[in-house]
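# Structural characterization, general
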Amino acid sequence: MKPLPFILLLLLLPLTAVPAQVTMSASSQTATIAEHIDIRVVVRTDGAIDSIDIKVTGGAYEIIGRSKRPTLKAPGVTTFEEIITIAFFKTGEFNVGPFTVEMLPHQGAPDHEQTGQLTIRIRSLLTESDRDIKPLKELLVMRGNPRHLLKYAAGFMMLLLLGALLWFLLKKMQQKRLPETAPLLPPEIELEMRIRELRQKNLPQLGEFRQFFISLSDMIKHFIERAYEFNAADFTTVETVEHLKNSEKDGEILVHMETLFLQADLVKFARQVPEKETVDVVFQMIAALIEKHKNRRETAMAEAHVQTGR
């Protein structure tokens, strides 16, 4: 080989370097509402890249968590991997991605690559075998003029009105005899007492996880209604967390609330069976939530006493 072509070939080698390889895959292409799906993004580059930053675009899903795996280095190849856990809360087919991957080199400006796009199908918890309930028998056809039934209907309505009036009068008499009602407990104290009663039922130990999380969700939503003054029972998990962000500035409380509701949704709707450690963590998060609200109330009462002393 002549020297000049050989030198030109050496100069062109850096220009023909293979770009970074970016792949994206999902743990499942089909899932149910609230089921967790792991999106795995793998980036393989040469040794000149220090780290990567994945820009996740918005979509019809909620991001549950992100986890970076240890970087793997081999001669001439560095592999980065990140797991992005998402969940959908409505049915249909949805696209995930593409995401932008920013690659940060040792020196110089970062480079950017695009992932592919995945299609995830979210199905209802109902199966194809579930059908609407139909009448067991054909409806009975009534013949003749039904006007003669009006006198019976009028008599029945009169009895109902008299019964309602009697019940109202008895209720008023009982209210007069009852002593003044005791003041309501603070929301966190009421929640603490109700959680203690729920815990004594030992529902998780009996395998009644769904009933346990249904009762737990109702208690937390009642607490939110009293402590934050909005009816959480009328909202979904995502809407409840968004409303809480307008009233609650403590990030730990927001994370605990969101985790509790998401875990409850997985058990109630996706029929997930949680581990014993999961139930223990749930009780720990509730205890931390109650303690924070107790401390707030004590601080507010102490400040009120100081102002009154002045």
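Before reading on, note that the structure itself is shown above.
In this report, we go over the structure that sits alongside the text. This is a predicted model, so every value here is computed, not measured.

Of the regular secondary structure elements, the chain holds 7 helices and 11 strands. Taken over 310 residues, the chain has a buried fraction of 28%. In the chain, of all internal contacts separated by at least 6 residues, the share reaching a separation of at least 24 is 67%. Counting only carbon and sulfur atoms, one obtains 58% of the accessible surface of the chain, whose full area is about 21,900 Å².

What follows concerns the layout of surface pockets. Looking at the largest pocket, its volume works out to about 310 Å³. Together, 15 residues line the largest pocket, and F89, T236, T237, D265 and F269 are the ones closest to its centre. Those elements that provide at least two residues to the lining of the largest pocket are α4 (209-228), α5 (237-247) and α6 (251-268). Tallied by class, the residues present in the lining of the largest pocket amount to 8 nonpolar, 4 polar and 3 charged.

This part takes up the environment of H36. Relative to the helices and strands, H36 is located in the loop between β2 (30-32) and β3 (37-45). When the C-alpha positions of H36 and E62 are compared, they lie 9.7 Å apart, and in sequence the two are 26 residues distant. Discounting chain neighbours no more than four positions away, the residues touching H36 are I64, T85, I86, A87 and L266.

What follows covers unusual backbone geometry. A cis amide bond links G97 to the next residue, P98, at an omega of 0°. Relative to the helices and strands, P98 resides in the loop between β8 (92-96) and β9 (100-105). For A34, which is not glycine, the phi dihedral falls at a positive 75°. Relative to the elements of secondary structure, A34 occurs in the loop between β2 and β3. In this structure, N202 takes a positive phi of about 55° despite not being glycine. For N202, a relative accessible area of 36% gives the class partly exposed.

Each value, and the rule that gives it
- Residues numbered from 1 in each chain as written.
- Predicted model: local features only at pLDDT ≥ 70, side-chain atom pairs only at ≥ 80, totals over all residues.
- Heavy atoms only, no water.
- Helix = DSSP H or I, 4+ residues; strand = E, 2+ residues; numbered from the N terminus.
- Buried < 20%, exposed > 50% of the residue type's maximum accessible area, 1.4 Å probe, protein only.
- Contact = heavy atoms within 4.5 Å.
- Areas by Shrake-Rupley, 256 points an atom, 1.4 Å probe, with all protein chains shown as cover.
- 1 Å grid on protein atoms, 1.4 Å probe; cavity = no way out; pocket = protein on both sides within 12 Å on 5 of 7 lines; lining within 4 Å.
- Points joined across faces, edges and corners; volume = space filled by probe spheres on them.
- Nonpolar A, V, L, I, M, F, W, Y, C, P; charged D, E, K, R; others polar.

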